[in-house]
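# Structural description and commentary
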Amino acid sequence: ARPGGPFPRQTPFLFLPSAAEEDAGTPVEVLVSADSLEVRSGGSCAAAALPAGVRLAPSSCRGLRRLPGDGLHLRLRLRRAPPLADLAFTLRESLKPHKKYVFYCQSCGDIIVKDRKFLRVLPLPSENWSDLVEEWCCHPNPFARSTLHPQHDDCFLGDTFFLLNSGNESHKSKETTRVICKRCKTMLGETISSDTIKYYVTEVIIQPSEGSFNPIPRSGFVQSVVAQCLLELSSAKSTFRFTVKGDNGKIYILIWLLNSDTLLVESLGSSSSLNVLTLFGDIFMPTSGPVGTWNAVKVLYQPCIKCRNKDLADAWENDMGVHPLKFPSETCLELLLILGLSTASLPPSLRCMNSFQVRNRCY
C-alpha cells in the first residue's frame, strides 16, 4: 500500500468467471459501486461483495475485457483502512527474554518443551555467513571449525530455525539425527551436537506458558511462516530470490518475491453470487460464507523436483544474490502443493510470467 492518509490505495486486479462465456455474443453489464461489483448477463447476475473497511473507486475502473476461457478482467483502485493489528508470524518478536514459553508440535499439539525461560534470545548470522568469510579473508577461514552452541537459558534464532540446548527434552530418533514428535512422528528438527537441537519454524508453535494451545490449520501456518521469512529477509538483506531446500540438501523450489503489499480479497460465494475456491484453510474445495481478506505476498516460483529446472537451480545455488531457505523435506513438498493449488485457481492467462508460475501467498 502507498502512504497518504488513513486509507492507503492499491490497484487490484479482479477476475470474475463469466457465466456468459458460453455465448460470447451475449451483452454483459458491469456495475461497480464503492462496496460491491456485479456482472449481469442475460438473466444471470454474479456479485462480488467486499469486506468491511475495503472500498472501491468506481471512476478508476479500466482495462475491462473478456478473454476466452478466463472470463472478465478489469483493474480499479482499492482503498483499505489500516489493519488494527499485524497478525503476521514473527518469531523474533514473539520470543522475549525472562518469560516462560511452551513449545508445541504444530501438527498435533503435543508439548515439546515446557515452561522454558530464556535469559538471552539472540539472532544468528545468516546461514551462508561462512561462505562470505571466504570472500572477505585473504587467508584460510578462521571460523571453519567454530560452532555456536546455546546454553540452557539461551535461544538462538536463524532464518528458518531456532537453536535450543536440549536439556532434559529428548525427541531424537535412534536411527538418525532427525528430531521427531513422539505423538505424530512429524519431523520437528535435527540435532546439531550432543546438547543442541535445531527446531524448524514451520513445525513448532511457541506460546507463553500462561496461555493455552490454539491449533492453526497446517496450510495456513506454513504459508504465514514462509511468507514472513521472505518479508524479513528481503527487508534485511535486499534479496528477492530464494532457494527452498530440504533437510536432505536437495532444492525443491525456486522463489522470486515480486511484492509484499498485496491485499487478497476472496468472495466465498452464496446462493446468488459467485462460487470460487477457498485456498487458505486445510480443505481445498468450493465453499460458501462471508467475504475473506488477507495480506499476501506475490511470488514467482519454479518446481525443481524430479530434475526439473536443474540448470536454473544450479545457477541460483551458485549465485551469492540468492538466499537459501531450509525446511524439512516433507514441508517443502507441502509448500509446493500449496503453490500449485493456488496457481491452478488463477485464470490460465495469469498463471505464468517468463516461464515462472505465479502465486499469492497469505500471511
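Residues numbered from 1 in each chain as written. Predicted model: local features only at pLDDT ≥ 70, side-chain atom pairs only at ≥ 80, totals over all residues. Heavy atoms only, no water.

Looking now at the overall build of the protein. In terms of helices and strands, the protein carries five helices and 24 strands. With 363 residues in all, the protein has 42% of them scored as buried. Restricting to contacts in the protein with at least 6 residues of sequence separation, those with at least 24 account for 64%. As displayed, the protein has an accessible area near 18,800 Å², and 54% of this comes from carbon and sulfur atoms. (Helix = DSSP H or I, 4+ residues; strand = E, 2+ residues; numbered from the N terminus. Buried < 20%, exposed > 50% of the residue type's maximum accessible area, 1.4 Å probe, protein only. Contact = heavy atoms within 4.5 Å. Areas by Shrake-Rupley, 256 points an atom, 1.4 Å probe, with all protein chains shown as cover.)

For the protein, the average pLDDT comes to 78, and 72% of its residues sit at 70 or higher. Taken element by element, the predicted model of the protein shows its lowest mean pLDDT in strand S19 (residues 277-278) (36) and its highest in strand S17 (residues 241-245) (97). Across residues 1-11 the pLDDT falls below 50, and counting only partners more than four positions away or on other chains, this stretch makes 31 contacts in the model. Confidence drops under pLDDT 50 across residues 269-289; counting only partners more than four residues distant or on other chains, this segment forms 54 contacts. (pLDDT = per-residue confidence, 0-100.)

The backbone of His 98 shows a phi angle near 65 degrees, a positive value even though the residue is not glycine. Within the secondary structure, His 98 sits in the loop between helix H1 (91-94) and strand S8 (100-105). The class for His 98 is exposed, based on a relative accessible area of 55%. Despite not being glycine, Asp 115 has its phi angle at roughly 50 degrees, a positive value. Owing to a relative accessible area of 38%, Asp 115 belongs among the partly exposed residues under this scheme.

Axis separation between helix H3 (residues 218-237) and helix H5 (residues 329-345) bottoms out at 10 Å; the angle between their running directions is 95 degrees. In terms of orientation, H3 lies roughly perpendicular with respect to H5. Taking contact as the criterion, the partners of Arg 218, Ser 219, Val 222, Gln 223 and Val 226 in H3 are, on H5, Thr 331, Glu 334, Leu 335 and Ile 338. Broken down by class, the residue content of the contact of H3 with H5 amounts to four nonpolar, three polar and two charged. (Axes fitted to C-alpha atoms, helices over the stretch in contact; angles between N-to-C directions. Parallel < 35°, antiparallel > 145°, perpendicular 65-115°, else oblique. Nonpolar A, V, L, I, M, F, W, Y, C, P; charged D, E, K, R; others polar.)

Here the focus is the environment of Met 320. Assignment of secondary structure puts Met 320 in the loop between helix H4 (310-317) and strand S22 (322-326). The exposure class assigned to Met 320 is partly exposed, which follows from its relative accessible area of 47%. In this structure the C-alpha to C-alpha distance between Met 320 and Thr 239, which are 81 residues apart in sequence, comes to 9.8 Å.

For the rest of this paragraph, the subject is the sheet that holds S8. With antiparallel pairing, the three strands of this open sheet are ordered in space as S9-S8-S16. Each edge of the open sheet carries a strand with a single partner, namely strand S9 (111-117) and strand S16 (204-208). Each adjacent strand pair in this sheet contributes to an overall mean axis angle of 20 degrees, direction not counted. Pairing of S8 with S9, which is carried by four bridges, proceeds in the antiparallel orientation. Counted as the bridge partner of Lys 100 is Lys 117 from S9. (Pairing = 2+ DSSP bridges.)

A word on the environment of Val 30. Mapped onto the elements of the fold, Val 30 is located in strand S3 (residues 28-32). Accessibility expressed as a relative area gives 24% for Val 30, which makes it partly exposed. For Val 30, the residues in contact, after removing those within four places along its chain, are Leu 37, Glu 38, Val 39, Leu 64 and Leu 72.

This part takes up the sheet that holds strand S5 (residues 44-49). The antiparallel open sheet is built from three strands, whose spatial order is S3-S4-S5. At either margin of the open sheet sits one strand with a lone partner, and together these are S3 and S5. Sheet twist, expressed as the average angle between the axes of neighbouring strands with direction ignored, equals 15 degrees.

This paragraph deals with the pairing of S17. Of all five residues making up S17, four are buried, and the element is well covered by its neighbours. One ladder, built from five bridges, connects S17 with S22; its direction is parallel. Considered in S22, the bridge of Arg 241 is made with Val 322.

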